[in-house]
Amino acid sequence: MKQKYLPLLVAAALSAMSASALASGYRFGSQSVTGQGTADANAAEANDASTIFYNPAGLSRLDGMQINAGLTVVVPHSTFNDSGSTRFTKGPTGGTGTKDYAPESVTAPSLYFSKKLNDQWTLGMGMFVPYGAKLNYGSSWTGRYALDNIKLEAIALNPSASFKLNEHHAFGFGVTAEHMKAELGQAVDVQGSVIALAGTPTGTLLGQQIAALGGNPAVLRQPIKDGRAENNGKDWGYGFNLGYMFTLDQATRFGIAYRSSIVHKLKGDTTWDFTGITTDAITNTVLAKASRKVNSAALVQLRTPETLSVNAFHQFDPKWAGMADVTWTRTSRMSDLHIEFPGTTEGDEVIRQNWKNTVRVSLGGTYKYNDALTLRSGVAYDQAPVASDELRHPALPDSDRVQLSFGASYKLNNRSTIDLAYSYLNFKDARTNYTNNCNPLATTCTGNGETTRGVYQTHLQLLGVAYNYQF
């Protein structure tokens with residue numbers, strides 16, 4: 001029930017989006033508009049200061065001092081069609097299906113800076129949004145006992161440096177300070193508890209307690225509204241990234257990049273609200289006490305998965321260049337997630353995951369139309385970490401996807417360039433049949449015991465614009 005940190009499942013997937021391409025999960029757009037134009041196949045291109053994110057060894061290719069500032073707008077389109085979601089009592093949850101539960105658009109900034117110190121050393125600093133989520137299903141949708149809204153915000157600071165050994169070998173490294181903030185809300189299945197206790201000694205005792213306090217136990221025979229839980233939490237975590245770039249000749253180079261896992265210990269608060277479940281305040285108070293749910297702190301520790309990528313770039317002729325990237329993400333680190341409630345007698349909330357490792361493959365190319373204009377395009381196939389319908393939770397209705405991207409770089413003058421990019425991501429239909437293995441009457445765990453069944457249909461559009469300036 002207290003799926004306070006369910007957004008961290010998202011965080012776990014998305015912290016793994018590193019090296020040269022973002023893996024599946026709640027990726028937030030792209031960390032580079034130039035990269036987006038090639039479906040993030042451009043790690044070995046190292047064309048501007050955003051190489052800090054993709055491969056810090058690429059800093060060795062940049063001259064002087066450069067700034068890259070970008071904005072990526074994510075425009076999601078998603079619907080959920082219910083196919084029989086149930087309470088823990090096996091009866092239907094009621095409510096409706098939902099669409100447009102994602103925001104109309106969300107914008108993420110990025111900012112990179114590089115400074116060449118000498119022929120061997122180049123320094124850089126990156127600031128970007130590695131992942132994010134914002135879903136609002138509404139309080140009446142059929143899966144509200146799993147959650148009805150989540151919001152995840154993250155920002156990363158990534159100071160980096162590269163060392164150029166000679167004309168063939170360059171190395172890069174960086175440290176990452178990552179701030180995560182999560183919010184989640186969900187319904188509490190009070191109606192299901194009352195149905196399950198009807199005719200039992202415990203149910204009879206509840207009625208007697210309500211009457212003894214001057215309440216009206218008859219309201220238990222009427223439709224009962226849901227309770228509600230609201231959660232929040234935040235944390236700083238730290239990691240590192242490494243890169244290597246091998247330049248075969250002026251036309252060909254290869255890269256390897258690694259981004260470490262990050263340990264997060266998120267701390268926050270959980271609040272419960274049972275004040276509006278019936279029209280009788282005394283009944284509400286008795287049911288709230290019987291639920292054993294009290295406002296408290298909440299804690300979850302997780303270790304995000306690391307990524308490893310290999311990439312290549314080749315200049316075929318003065319106009320045409322091609323590039324490719326393969327990124328492996330160790331999302332199998334994310335098994336069951338245990339959410340603890342210090343200072344209470346409540347058992348943990350256990351989110352079943354058992355994610356699988358994923359691979360993302362992207363191919364891209366550029367065409368130099370003239371001295372001022374360069375055109376870009378790319379395609380990518382991205383696996384989802386969710387292993388089965390039974391492990392697909394509404395907080396991460398993820399599935400394999402294909403990305404098609406187009407972009408352009410226009411040189412305003414010898415020092416400044418404007419980059420534009422457009423991407424379309426089409427997700428495979430995602431079925432969910434997720435069951436919470438606890439229920440509201442259990443004393444050793446926390447959960448609604450619901451089963452959410454349905455099909456998600458999703459596609460995204462990304463619009464990016466960036467400005468590059470070389471001092």
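It should be emphasised that the depicted structure is a prediction, and the values quoted were computed from it without experimental measurement.

Undergrad: Help me understand helix 4 (residues 190-197), please; the structure alone is not making it clear to me.
TA: Residues separated by three or four positions in an α-helix point in the same direction, a consequence of the helix having 3.6 residues per turn. Counting buried residues along helix 4, six of its eight residues qualify, which places the element largely inside the surrounding structure. Of all the residues in helix 4, the buried ones are Val190, Gln191, Gly192, Ser193, Val194 and Leu197. Buried residues along helix 4 sit in contact with strand 7 (169-188), helix 5 (201-212), strand 8 (227-247) and helix 6 (281-290). Measuring from the side-chain oxygen of the N-cap residue of helix 4 to the backbone nitrogen of Gly192 gives 2.8 Å; that N-cap residue is Asp189. Once helix 4 finishes, Gly199 follows within two positions and takes phi at roughly 80°, a positive value.

Undergrad: Can you help me understand the packing of aromatic side chains in this one?
TA: Aromatic ring pairs are reported here in terms of the distance separating the ring centres and the angle at which the planes meet. Applying the stated criterion across every chain, the model contains 13 aromatic pairs. Ring plane angle 90° and centroid distance 5.1 Å describe the contact between Phe53 and Tyr54, whose orientation is recorded as edge-to-face. The burial state of Phe53 is the same as that of Tyr54; both residues are buried. Measuring from ring centre to ring centre gives 4.8 Å for Phe80 and Tyr456, while their planes differ by 50°; the resulting arrangement is tilted. Highlighted residues: Phe80 in strand 1 (residues 65-82) and Tyr456 in strand 21 (residues 451-470), separated in sequence by 376 residues. Connected via pairs of aromatic rings, a cluster forms that spans Phe53, Tyr54, Tyr112 and Phe128. Across the ring face of Tyr434, the terminal group of Arg352 is positioned such that the distance to the ring centre comes to 4.8 Å.

Undergrad: Help me understand the packing of helix 5 against helix 6 in this model?
TA: Axis separation between helix 5 and helix 6 bottoms out at 9 Å; the angle between their running directions is 135°. As far as their axial angle goes, helix 6 and helix 5 are oblique. In the crossing of helix 5 with helix 6, the sense of the turn from one axis to the other is right-handed. For the pair helix 5 and helix 6, contact is made by Leu206, Gln209 and Ile210 and by Ile282, Thr283, Val286, Leu287 and Ala290, respectively. In terms of residue class, the contact of helix 5 with helix 6 is made up of six nonpolar, two polar and no charged.

Undergrad: Help me understand a nonpolar patch on the surface in this model?
TA: A cluster of nonpolar side chains, contributed by Ile67, Leu111, Phe113, Met125, Leu157, Trp236, Tyr238 and Phe471, occupies part of the molecular surface with about 730 Å² of accessible area. Residue position: Trp236 is located in strand 8.

Undergrad: What should I look at first to understand the environment of Thr307 in this one?
TA: With respect to the helices and strands, Thr307 occurs in strand 12 (residues 307-315). Measuring from C-alpha to C-alpha, the distance between Thr307 and Ala41 comes to 15 Å, with 266 residues separating the pair along the chain.

Undergrad: I tried to follow the pairing of strand 7 on my own but got confused; where do I start?
TA: Residues in a regular strand point their side chains to alternate faces of the sheet. Here strand 7 lies mainly inside the structure; 14 of its 20 residues are buried. Where strand 6 (residues 149-164) folds back onto strand 7 in an antiparallel hairpin, the turn is made up of four residues. In terms of strand pairing, strand 7 meets strand 8 through 20 bridges, oriented antiparallel. Bridge pairing links Met180 to Asp235 in strand 8.

Reading guide: rules and limits
- Residues numbered from 1 in each chain as written.
- Predicted model: local features only at pLDDT ≥ 70, side-chain atom pairs only at ≥ 80, totals over all residues.
- Heavy atoms only, no water.
- Buried < 20%, exposed > 50% of the residue type's maximum accessible area, 1.4 Å probe, protein only.
- Helix = DSSP H or I, 4+ residues; strand = E, 2+ residues; numbered from the N terminus.
- Contact = heavy atoms within 4.5 Å.
- Polar contact = N/O pair within 3.5 Å; in protein donor to acceptor, adjacent residues only side chain to side chain.
- Phe/Tyr/Trp six-rings, centres within 6.5 Å; stacked < 30°, edge-to-face > 60°.
- Lys NZ or Arg CZ within 6 Å of the ring centre and 35° of its normal.
- Axes fitted to C-alpha atoms, helices over the stretch in contact; angles between N-to-C directions.
- Parallel < 35°, antiparallel > 145°, perpendicular 65-115°, else oblique.
- Left-handed = near helix turned anticlockwise from the far one by under 90°.
- Nonpolar A, V, L, I, M, F, W, Y, C, P; charged D, E, K, R; others polar.
- Patch = residues over 30% accessible without salt bridge, like charges linked within 9 Å, V, L, I, M, F, W, Y side chains within 5 Å.
- Areas by Shrake-Rupley, 256 points an atom, 1.4 Å probe, with all protein chains shown as cover.
- Salt bridge = Lys/Arg side-chain N within 4 Å of Asp/Glu carboxyl O.
- Pairing = 2+ DSSP bridges.

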